[in-house]
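# Observations on the three-dimensional arrangement
The primary structure of each chain is shown beneath.
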Amino acid sequence: MPHPPISTTSGVEVTPLCDAVGPMGPSIARPPAELFPGSGLPDEPWVLHFHCYLIRDAAGRLTLVDTGIGAADSPVSSWAPVPGMLHGELAAAGVTPGEIDTVILTHLHGDHASGTVSDGRPVFENARHVLQRAELDAARGRMLDEIVTPLKAQLHVVDGDAEVAPGIHVHATPGHTPGHQIARAGELAMTGDLVLHPVQLADPAIRYLYDEDQETAARTRAEMLAELRAERAILATAHFSEPFHRL
Ligand SMILES: [Zn+2]
Ligand SMILES: [Zn+2]
């Protein structure tokens, strides 16, 4: 079932693209109490949604936030429910990959960026791909070789906060990865892995096992959520079952 879109007060439409739904595979799965220490979550498998977001502004320009888990041979095929359904979701929204003007990659984890390249070629052939400098500098292994390198000519590298398309901003939110970023469009905040589970909204200090720098991630999460709460933003999350959460 597709998740319905939402419209911002500034006339921007944001559509969740549900790339996949499933539990983590055995290579990285842990009991929720280990993934989120101190959360008191029950000992049942955590079923993640994997959301990308399509932003259509009032002038019809298209921005995609994250590109999902990718094909069957994706770098995350050992644990994510590949292949991703992004292309079917885009088609259902009436969009072809060539029409995307801007791709924002929140970070270079394989469940957020693997759909960027297929058979060694950029999928969104006409798009600039926005990435934080710190994320690019930290790229290694298959994500560097198979995803970043083929994109070279289309990368739009930013350092910190920036407006990357008319009315669309990115904000550096380090911790989960060194160059993690969130995207903003009006009152919407596409939060990537700033928050992984709803339990962290009630207590942003609850850590996530796979945050690369847990202390920085917890501090960033607390600060950014306080900011977003003060402006009554709407979160568009990557992994919650319900894509939108009004703070
Ligand atoms: Zn979903
Ligand atoms: Zn991640």
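Above this text sits the structure in question.
Here's a quick rundown of the structure. (Residues numbered from 1 in each chain as written. Chains lettered and ligands numbered in written order. Predicted model: local features only at pLDDT ≥ 70, side-chain atom pairs only at ≥ 80, totals over all residues. Heavy atoms only, no water.)

### Re the sheet that holds strand β1 (residues 6-7)
Spelled out, the test is: Any two strands with at least two DSSP-identified bridges between them are counted as paired. Strands here mean DSSP runs of E at least two residues long; helices mean DSSP runs of H or I at least four residues long; both are numbered from the N terminus.
Strand order in the open sheet made by the seven strands is β1-β2-β3-β4-β5-β8-β9, with mixed pairing throughout. Both outer strands of the open sheet, β1 and β9 (155-158), are each paired with one neighbouring strand and no more. Looking at chain direction, strand β8 (residues 128-132) and β9 are connected through four bridges and run parallel. Looking at the pairing, Q132 lines up with V158 of β9.

### Let's talk about the coordination of the zinc ion (ligand 1)
Which entries qualify depends on this criterion: Distances up to 2.8 Å from the metal define which N, O and S atoms are donors, and 3.2 Å serves for Na, K and Ca; water is absent from the atom set, so sites may look incomplete. Geometry assignment treats four donors as tetrahedral when all angles are between 85 and 135 degrees, treats four as square planar and six as octahedral when opposite donors are over 155 degrees apart and all others between 65 and 115, and treats everything else as irregular.
Taken together, H3 (NE2), C18 (SG), H49 (ND1) and H51 (NE2) make up the protein donors of the zinc ion (ligand 1), found 2.0 to 2.2 Å from the metal. Around the zinc ion (ligand 1), the four donor atoms sit at angles spanning 103 to 120°, and that spread fits a shape best called tetrahedral.

### Here we look at unusual backbone geometry
With an omega of -5°, the peptide bond between V82 and P83 qualifies as cis. Relative to the elements of secondary structure, P83 occurs in the loop between β4 (62-65) and α2 (86-92). One non-glycine residue with positive phi stands out, namely D66, at about 70°.

### Comments concerning helix α7 (residues 214-230)
Count 3.6 residues to each turn of an α-helix, and residues three or four apart come out pointing the same way. As a reminder of what qualifies: Under the convention used throughout, the expected extent of a helix is 1.5 Å for every residue step, that is, one less than its residue count. Burial status follows relative accessibility: with a 1.4 Å probe on protein chains alone, a residue under 20% of its type maximum counts as buried, one over 50% as exposed, and anything between as partly exposed. Residue contacts are counted whenever heavy atoms from the two residues lie within 4.5 Å of one another.
Helix length check: α7 (17 residues) gives 24 Å between terminal C-alpha atoms against 24 Å at 1.5 Å per residue, within 8%. Taken as a whole, α7 has its buried residues at T216, A217, A218, T220, R221, M224, L225 and L228. Elements that come into contact with the buried residues of α7 comprise β11 (168-172), β12 (181-185), β13 (188-190), α6 (199-202) and β14 (234-236).

### Some thoughts on the coordination of the zinc ion (ligand 2)
All of the protein donors around the zinc ion (ligand 2) are H107 (NE2), H109 (ND1), H176 (NE2) and D193 (OD); their distances to the metal are 2.0 to 2.2 Å. Each of the four donor atoms around the zinc ion (ligand 2) contributes to a set of angles spanning 89 to 167°, which defines the coordination as irregular. Written as a sequence motif, the donor arrangement for the zinc ion (ligand 2) is H-x1-H-x66-H-x16-D. With H109 in the loop between β5 (102-104) and α3 (110-113) and D193 in the loop between β13 and α6, the pair connects residues that are 84 residues apart, well separated along the chain. On the basis of relative accessible area, H109 is assigned to the partly exposed category, the value being 22%. The exposure class of D193 is buried, given its relative accessible area of 3%.

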